[in-house]
Amino acid sequence: MDQNSLKQLVADAALKYVPEGEIIGVGTGSTANFFIDGLAGMRDRIKGAVASSEASAARLLAHGIPLFDLNDVESLPVYVDGADEVDAGFAMIKGGGAALTREKIVAAVARKFVCIADGSKKVAVLGKFPLPVEVIPLARAQVSRALAALGGRPVWREGVLTDNGNIILDVHDLAIAEPVRLEAEINQIVGVVTNGLFARRPADILLLGTAGGVLTFERN
């Protein structure tokens, strides 16, 4: 079973967590795209969605799913999104698609975070996937030096601007044993908007696509 088939499996499995008549949060990326396409089949049974990126917003609209601004929504029953890596404590690295800031904001409003991923994304220790950090352009060099002082090797993702008009530094060579601590530490660097560690607000439910089917894990 190829990777896209695994993504399709978990995207379909996530649909059962979508409550009828509600506004839901929708993530960004290839796995989230499968979920959006599946959501189109039940668009008449939901009120609409809040998107975590312009790309996801466009895909939702193309399926006729009403969009809501997060500022007009008090809370979301569920947020469904993928991950670039996820550990046993449900902490994640996200931001391969450069939407980490908006993803983190929407996730913070959701009562339940459902992470959908293929089995290769489950790791013992976060950090093999470079950690994305969204940075104010003026602060690129200064933030790079600060990230290097933390033991990482920051690389500017040239040619990429976030939906917020900022740049991405991808931090290589990290072994993240304490994701909650590192998330807070990086966010304290002046010029950082946020980083792709989702540890203070981890997933509540993890759906992993494997050759044997979908494995479901719930955080205690």
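Nothing here was measured: the structure is a model prediction, and the numbers come from that model.

A.B. asks: Tell me about the packing of helix H1 (residues 3–14) against helix H2 (residues 30–39), residues and numbers included.
C.D. replies: It is the contact of H1 with H2, at a shortest axis distance of 8 Å, that shows an interaxial angle of 50°. Classed by the angle they form, the pair H1 and H2 counts as oblique. As for the relative orientation of H1 and H2, their crossing is right-handed in sense. Counted together, Asn-4, Lys-7, Gln-8, Val-10, Ala-11 and Ala-14 of H1 and Ser-30, Thr-31, Phe-34 and Phe-35 of H2 form the full contact between these two elements. Class assignment for the residues of the contact of H1 with H2 results in five nonpolar, four polar and one charged.

A.B. asks: Please provide a residue-by-residue account of the nonpolar core, values included.
C.D. replies: Phe-35, Leu-39, Val-114 and Leu-207 are the most contacted members of the largest nonpolar core, which totals 25 residues. Secondary structure elements with two or more residues in this core: H1, strand S1 (23–26), H2, strand S2 (48–51), helix H3 (54–62), strand S6 (113–118) and strand S12 (205–210). Of the residues forming this core, the biggest block, four residues, is contributed by H1. If near-sequence neighbours (up to four positions away) are discounted, Phe-35 is found in contact with Ala-11, Ala-14, Leu-15, Val-18, Ile-24, Val-26, Val-80 and Ile-116.

A.B. asks: Give a description of the environment of Glu-183 that names residues and reports values.
C.D. replies: Structurally, the position occupied by Glu-183 is in helix H6 (residues 179–187). Along the sequence, Glu-183 and Asp-44 sit 139 residues apart, while their C-alpha atoms lie 39 Å from each other. Ignoring sequence-local partners within four residues, the contact set of Glu-183 consists of Lys-104, Asn-195, Leu-197, Phe-198, Ala-199 and Arg-200. A polar contact is formed between the side chain of Glu-183 and the backbone nitrogen of Arg-200, at a distance of 2.9 Å.

A.B. asks: Give a description of a nonpolar patch on the surface that names residues and reports values.
C.D. replies: A contiguous nonpolar surface patch, about 300 Å² in accessible area, is contributed by Ile-136, Leu-138 and Val-193. Tracing the backbone shows Leu-138 in the loop between strand S7 (131–135) and helix H5 (140–149). Using a relative accessible area of 84% as the deciding quantity, one classes Leu-138 as exposed.

A.B. asks: Let's hear about the packing of aromatic side chains: which residues, and what values?
C.D. replies: Counted by the stated rule, this structure contains one aromatic pair. For the pair Tyr-79 and Phe-113, a centre-to-centre distance of 5.1 Å together with 65° between the ring planes defines the contact as edge-to-face. With Tyr-79 in strand S3 (residues 79–81) and Phe-113 in strand S6, the pair connects residues that are 34 residues apart, well separated along the chain. For Tyr-79, a relative accessible area of 0% puts it in the buried group. The buried category is assigned to Phe-113, whose relative accessible area is 0%. Taking the ring centre of Phe-217 as reference, the NZ or CZ of Lys-122 above it sits at 5.9 Å.

A.B. asks: Mind laying out the environment of Ile-23, listing which residues take part and the relevant values?
C.D. replies: When you line up the elements, Ile-23 lands in strand S1. A relative accessible area of 11% places Ile-23 in the buried class. Separated by 53 residues in the primary sequence, Ile-23 and Leu-76 have C-alpha atoms spaced 6.4 Å apart. If near-sequence neighbours (up to four positions away) are discounted, Ile-23 is found in contact with Lys-47, Gly-48, Ala-49, Val-50, Phe-68, Val-73, Leu-76 and Pro-77.

A.B. asks: Can you tell me about the sheet that holds strand S9 (residues 167–172), naming the residues and giving the values?
C.D. replies: Spatial strand order, S8-S9-S7-S10: four strands in an open sheet with antiparallel pairing. Two strands bound the open sheet, and with one partner strand each, they are strand S8 (153–156) and strand S10 (192–195). For this sheet, the mean inter-axis angle between neighbouring strands, taken without regard to orientation, is 30°. Looking at chain direction, S7 and S9 are connected through five bridges and run antiparallel. Across the sheet, residue Leu-131 finds its bridge partner in S9, namely Val-171.

Cut-offs used in this document
Residues numbered from 1 in each chain as written. Predicted model: local features only at pLDDT ≥ 70, side-chain atom pairs only at ≥ 80, totals over all residues. Heavy atoms only, no water. Axes fitted to C-alpha atoms, helices over the stretch in contact; angles between N-to-C directions. Helix = DSSP H or I, 4+ residues; strand = E, 2+ residues; numbered from the N terminus. Parallel < 35°, antiparallel > 145°, perpendicular 65-115°, else oblique. Left-handed = near helix turned anticlockwise from the far one by under 90°. Contact = heavy atoms within 4.5 Å. Nonpolar A, V, L, I, M, F, W, Y, C, P; charged D, E, K, R; others polar. Core = buried A, V, L, I, M, F, W, Y, C linked by side-chain atoms within 4.5 Å. Buried < 20%, exposed > 50% of the residue type's maximum accessible area, 1.4 Å probe, protein only. Polar contact = N/O pair within 3.5 Å; in protein donor to acceptor, adjacent residues only side chain to side chain. Patch = residues over 30% accessible without salt bridge, like charges linked within 9 Å, V, L, I, M, F, W, Y side chains within 5 Å. Areas by Shrake-Rupley, 256 points an atom, 1.4 Å probe, with all protein chains shown as cover. Salt bridge = Lys/Arg side-chain N within 4 Å of Asp/Glu carboxyl O. Phe/Tyr/Trp six-rings, centres within 6.5 Å; stacked < 30°, edge-to-face > 60°. Lys NZ or Arg CZ within 6 Å of the ring centre and 35° of its normal. Pairing = 2+ DSSP bridges.

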